[in-house]
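Reading the structure
Chain by chain, the residues run as shown.
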Amino acid sequence: MDGMGPAADGTQTKALLDSIVEGWPQHAQHLQRFFNTLSAKDAETIDRVAQSILTLAGDELPDFVADYRWMCGMFMKHEIAFRRSKTLSHSDTAAIRDAYYDNADAMGRYMRGLLISQITWPQHLGVQFLFANTLLPRLPDGFSYMEVGPGHGVTLAMAGADPKCGALSGFDISQTSIEMTRESLKRLGVTHPVDLIHADICAPAESAAQFNAIVISQVLELVDSPQTVIDGLAARLAPDGVLFVNCPVQMLAPDHIRVWESGAEIAALVKAAGLQIDFEAKVHADALKQSDAMGYSHVLIARKPR
């Protein structure tokens with residue numbers, strides 16, 4: 001569709017946005033508004049993201065768009081319920097495991113919807129810019145990389161495509177997600193060996209492996225003890241290794257068991273684990289207004305002292 005601005009000029013981006021609008025015409029206004037806030041310099045990165053999404057969805061793209069629309073409706077329903085009651089739908093990890101992570105049908109639809117959101121939600125696309133342009137250039141030759149909750153596998157594949165990458169690992173509490181990640185990496189043509197582990201990141205580490213980089217994105221709001229998770233990840237970092245953290249602030253999803261009120265809460269967890277913050281940024285959910293009140297993704301990169 002027209003009117004998206006220069007950031008949407010890539011062939012893959014146009015094809016994907018046209019398919020999204022075809023499946024959800026009412027979403028066109030949001031997409032035009034968002035993409036007109038982006039610049040032409042972002043077009044190449046956006047087109048790579050779009051190509052990954054198109055590759056992963058394949059002939060099932062209309063189903064992915066339908067699940068994205070379903071997911072957005074589910075988010076809105078939970079948002080309204082929370083604003084009215086000030087109570088989240090779930091209070092602990094066990095409850096969301098039953099509702100989502102151990103429910104193959106619900107988890108599958110959720111994951112498909114989240115894949116489409118990687119290009120349609122400002123906070124998701126913006127975090128990918130930071131991952132590619134701020135995290136990866138910091139990593140040493142032969143870096144070892146671990147991702148908690150790799151999901152659709154797009155960032156895991158991006159790390160594996162970096163010529164400096166030495167080893168790749170992924171952890172997830174959901175077997176459905178692990179299988180989806182495995183299939184996604186095949187479709188994306190990732191040839192680098194990847195160790196995918198079905199495990200609870202809150203449990204004690206079963207190996208002494210240490211990593212140069214660990215990524216945890218939109219997970220800390222899903223666990224009973226975020227500090228325990230951060231402490232465990234800090235222990236898995238090699239000296240001078242970096243932790244990339246992404247958390248939604250003043251935003252919620254159906255599987256959240258807490259709402260972060262500020263980025264300072266995230267920074268405090270990291271500092272308490274003995275890590276030094278090298279970088280912090282906000283990626284706002286409303287790309288035009290850039291208002292904290294509308295919610296944002298808080299991204300930080302923290303380093304383990306030598």
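Structure shown above.
As a starting point, this report considers the structure included with it. (Residues numbered from 1 in each chain as written. Predicted model: local features only at pLDDT ≥ 70, side-chain atom pairs only at ≥ 80, totals over all residues. Heavy atoms only, no water.)

1. Some remarks on the nonpolar core
Selection rule: Remark: nonpolar core denotes a set of buried residues (Ala, Val, Leu, Ile, Met, Phe, Trp, Tyr, Cys) joined through side-chain atoms within 4.5 Å. Whether a residue is buried, partly exposed or exposed follows from its accessible area with a 1.4 Å probe, protein chains only, as a fraction of its type maximum: under 20%, in between, or over 50%, in that order. Numbered from the N terminus, helices here are DSSP runs of H or I no shorter than four residues, and strands are runs of E no shorter than two. Contacts: residue pairs with any heavy atoms within 4.5 Å of one another.
The biggest cluster of nonpolar side chains holds 48 residues, and the ones touching the most others in it are Leu-16, Ile-20, Phe-35, Ile-46, Met-71 and Ile-119. At the level of elements, helix 1 (11-23), helix 2 (28-35), helix 3 (43-57), helix 4 (61-85), helix 5 (93-101), helix 6 (104-120) and helix 7 (122-135) are the ones that each hand at least two residues to this core. Setting aside residues up to four positions removed in sequence, Ile-119 forms contacts with Thr-13, Leu-16, Ile-20, Phe-34, Phe-35, Ile-46, Ala-50, Ile-53 and Leu-125. Core analysis: the second largest hydrophobic core is formed by 28 residues, Ile-201, Ile-214, Leu-220 and Ile-230 among them.

2. Quick word on helix 11 (residues 263-272)
Going by this rule: The arc in question is formed by the directions pointing from the helix axis toward the C-beta atoms.
Among the residues of helix 11, those classed as buried are Gly-263, Ile-266, Ala-267, Leu-269 and Val-270. One side of helix 11 holds all its buried residues, which, seen down the axis, span an arc of 155°. Opposite the buried face of helix 11, by more than 90 degrees, sit the exposed residues Ala-264, Lys-271 and Ala-272. In this structure, the buried residues of helix 11 make contact with helix 10 (226-236), strand 5 (237-249), strand 6 (276-284) and strand 7 (296-303). Just downstream of helix 11 lies Gly-274, where phi reads positive at about 85°.

3. Some thoughts on the packing of aromatic side chains
To keep it simple, the criterion reads: In this scheme Phe, Tyr and Trp rings, the latter by its six-membered ring, pair at centre separations within 6.5 Å, and the angle between planes marks the pair as stacked below 30 degrees, edge-to-face above 60, and tilted otherwise. Any Lys NZ or Arg CZ found within 6 Å of a ring centre and within 35 degrees of that ring's normal is scored as a charge over the ring.
For the structure on display, the rule yields seven aromatic pairs. Ring geometry for Phe-75 against Tyr-110: centres 6.1 Å apart, planes inclined by 70°, an arrangement best described as edge-to-face. Here Tyr-110 lies in helix 6 and Phe-75 lies in helix 4, a separation of 35 residues in the sequence. A ring pair is formed by Phe-131 and Tyr-145, whose centres lie 6.2 Å apart and whose planes are at 85°; its orientation type is edge-to-face. Placement of Phe-131 in helix 7 and of Tyr-145 in strand 1 (residues 143-148) is noted, with a sequence separation of 14 residues between them. A relative accessible area of 0% places Tyr-145 in the buried class. Taken together, Trp-24, Tyr-68, Phe-75, Tyr-110 and Trp-121 form an aromatic cluster joined through their ring pairs. Across from the ring centre of Trp-70, 4.3 Å away, lies the NZ or CZ of Arg-109, which sits over that ring. A cation over an aromatic ring shows up here: Lys-282 above the ring of Tyr-296, its NZ or CZ 5.0 Å from the ring centre.

4. Quick word on helix 5
Among the residues making up helix 5, those that are buried are Thr-93, Ile-96, Tyr-100 and Tyr-101. What you see down the axis of helix 5 is that its buried residues fit within an arc of 70°, all on one side. Where the residues of helix 5 are buried, they touch helix 4, helix 6 and helix 9 (175-187).

5. Looking at the pairing of strand 3 (residues 194-198)
Spelled out, the test is: Strands qualify as paired when DSSP identifies two bridges or more between them. With strands facing away from the observer, any crossover in which the path from the first strand over the helix to the second runs clockwise is taken as right-handed.
As judged from the five bridges shared by strand 2 (residues 165-172) and strand 3, these two strands associate in the parallel manner. When the bridges of strand 3 are listed, Gly-170 appears paired with Leu-196. Read as a crossover between parallel neighbours, the route from strand 2 over helix 9 to strand 3 is right-handed.

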